[in-house]
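# Secondary and tertiary structure notes
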Amino acid sequence: MKRTFQKKVSKNTIQCETCGLVKGRCICDYEIDINAPVEFWLLTHENEFSRTNNTGRLIEYAIASTRVFAWSRTETPSQMIALMDDYDVYLVFADDRDEEKKRVKSYEPSEKKTVFIILDGTWKEARKMLRKSPYLADLPIIALNPKSQTSYDLRRNKDQGHLCTVEVAVALLDEVGAIKEADALNMYFEYFMDRYHDGKYEHGGTNDQTII
Ligand SMILES: [Zn+2]
């Protein structure tokens, strides 16, 4: 699904067509190419494709092996399901309920390449995605217990206690011992946050890169 960003800037500023941020204050000049020892597949809620504050796309931009599959209530991501046999697949989710707790497995390297499926949406959307996707029901869950609070502050209804999508990937890279790669992705995330705020404050208007 192509990303077409919501119109988020005032009349006096131009929005970058590629990343959706204010032109001149956007992230397209940042060069990043991380070679990760594991893969990330984003199962992205259809609403996320137009959100300028979506951070799943930072994983996609930074790590070339990343795949993005669109999630909708009515369609099964058959392309993703077809690929799953070739990988050691984990679903990334919280383990705060018994239902998920009994599916938790720790990461172990295996002969097959590891892939982490991340549900890319708000926390509420992610819960719904899990509930409505039978093809995720048998996957082992890798649960993150982040040591630090989220730094993400671009949404009004912050998902308390949960990391945003790119922070999840940073934590997973740490988990598999790819510390340098985790740091590089985290720096990119910080750059995105700075740029996002710059775009908002530089032009003063409340409509610029508005926090939704
Ligand atoms: Zn851009």
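Our subject is the structure listed above.
Below or above, wherever it landed, is the structure these notes cover. (Residues numbered from 1 in each chain as written. Predicted model: local features only at pLDDT ≥ 70, side-chain atom pairs only at ≥ 80, totals over all residues.)

## Concerning the overall build of the protein chain
Stated formally: The numbering of helices and of strands both runs from the N terminus, where a helix is a DSSP run of H or I of at least 4 residues and a strand a run of E of at least 2. Backbone-placed C-beta atoms define the burial measure: a residue is buried with 20 or more other C-beta atoms within 10 Å of its own, exposed with 12 or fewer, and partly exposed in between. For every residue pair, C-beta atoms are placed from the backbone, and the pair is scored as a contact if these atoms sit within 7 Å.
Helices and strands together make up the secondary structure of the protein chain, namely six helices and five strands. Start at the N end of the protein chain and walk to the C end: the helices and strands fall as β-α-β-α-β-α-β-α-β-α-α. A buried classification covers 35% of the 212 residues belonging to the protein chain. Contacts spanning at least 24 positions in sequence make up 73% of the contacts within the protein chain whose residues lie at least 6 apart.

## A closer look at the nonpolar core
For the record, the criterion: Only buried residues count toward a nonpolar core: Ala, Val, Leu, Ile, Met, Phe, Trp, Tyr and Cys, linked into one set through C-beta atoms within 7 Å.
Counting 48 residues, the largest nonpolar core has Val92, Phe116, Ile117, Ile118, Ala169 and Leu185 as its most contacted members. Of all elements in the fold, only strand 1 (39-45), helix 1 (56-62), strand 3 (87-92), strand 4 (113-120), helix 4 (123-131), helix 5 (165-175) and helix 6 (179-202) reach the threshold of two or more residues within this core. The dominant element in this core, judged by the number of residues it contributes, is helix 6, at seven residues. Here Ala169 is in contact with Phe40, Ile59, Ile118 and Leu185, once residues within four sequence places are set aside.

## Observations concerning the pairing of strand 2 (residues 67-71)
This is how the line gets drawn: Any two strands are treated as partners once DSSP identifies two or more bridges connecting them. Clockwise travel from the first strand over the helix to the second, with the strands pointing away from the viewer, marks a crossover as right-handed.
In this structure, strand 1 lies alongside strand 2, joined through five bridges in parallel fashion. Residue pairing in the sheet places Leu43 in a bridge with Phe69 of strand 2. In this fold, the crossover linking strand 1 to strand 2 by way of helix 1 has right-handed handedness.

## Re the environment of Ala94
Secondary-structure assignment places Ala94 in the loop between strand 3 and helix 3 (98-101). Ala94 has contacts with Glu100, Ala143 and His162, leaving out every residue within four places of it along the chain.

## Looking at the environment of His162
For His162, the location among the structural elements is in the loop between strand 5 (141-142) and helix 5. The exposure class of His162 is partly exposed, given the 19 C-beta atoms found within 10 Å. Along the primary structure His162 and Leu144 are separated by 18 residues, whereas in three dimensions their C-alpha atoms are 9.2 Å apart. For His162, the residues in contact, after removing those within four places along its chain, are Ala94, Trp123 and Thr150.

## Things to note about the environment of Asn35
Along the polypeptide, Asn35 turns up in the segment before strand 1. Judged by the 11 C-beta atoms lying within 10 Å of it, Asn35 is exposed. C-alpha of Asn35 to C-alpha of Ala62: the two residues are 27 residues apart in sequence and 8.8 Å apart in space.

## Side note on the sheet that holds strand 2
In a beta sheet, neighbouring strands are held together by backbone hydrogen bonds and run either parallel or antiparallel to one another. To be explicit about the condition: Axis definition: a line fit to C-alpha positions, over the contact stretch in the case of helices; interaxial angles, taken between N-to-C directions, run 0 to 180 degrees.
Taken together, the five strands give an open sheet; going across it, the order is 2-1-4-3-5, and neighbouring strands pair in parallel fashion. The strands lining the two open edges of the sheet, one partner per strand, are strand 2 and strand 5. Bridge count for strand 3 against strand 4 is six bridges, and the pairing is parallel. Counterpart to Val89 in the pairing with strand 4 is Val115. Against the sheet, helix 5 makes contact with strand 1, strand 3 and strand 4, and its axis sits at roughly 155° relative to strand 4, the strand it touches most.

## With respect to the pairing of strand 1
Across the seven residues that make up strand 1, a large majority, six, are buried. Across six bridges, the pairing between strand 1 and strand 4 is parallel. Looking at strand 4, one finds that Trp41 is bridged to Ile117.

## Points about helix 5
Taking burial as the measure, the eleven residues of helix 5 include eight buried ones, the bulk of the element. Regarding helix 5, the residues found buried are Thr165, Val166, Glu167, Val168, Ala169, Val170, Leu172 and Leu173. Just downstream of helix 5, Gly177 is the residue with a positive phi angle, here 85°.

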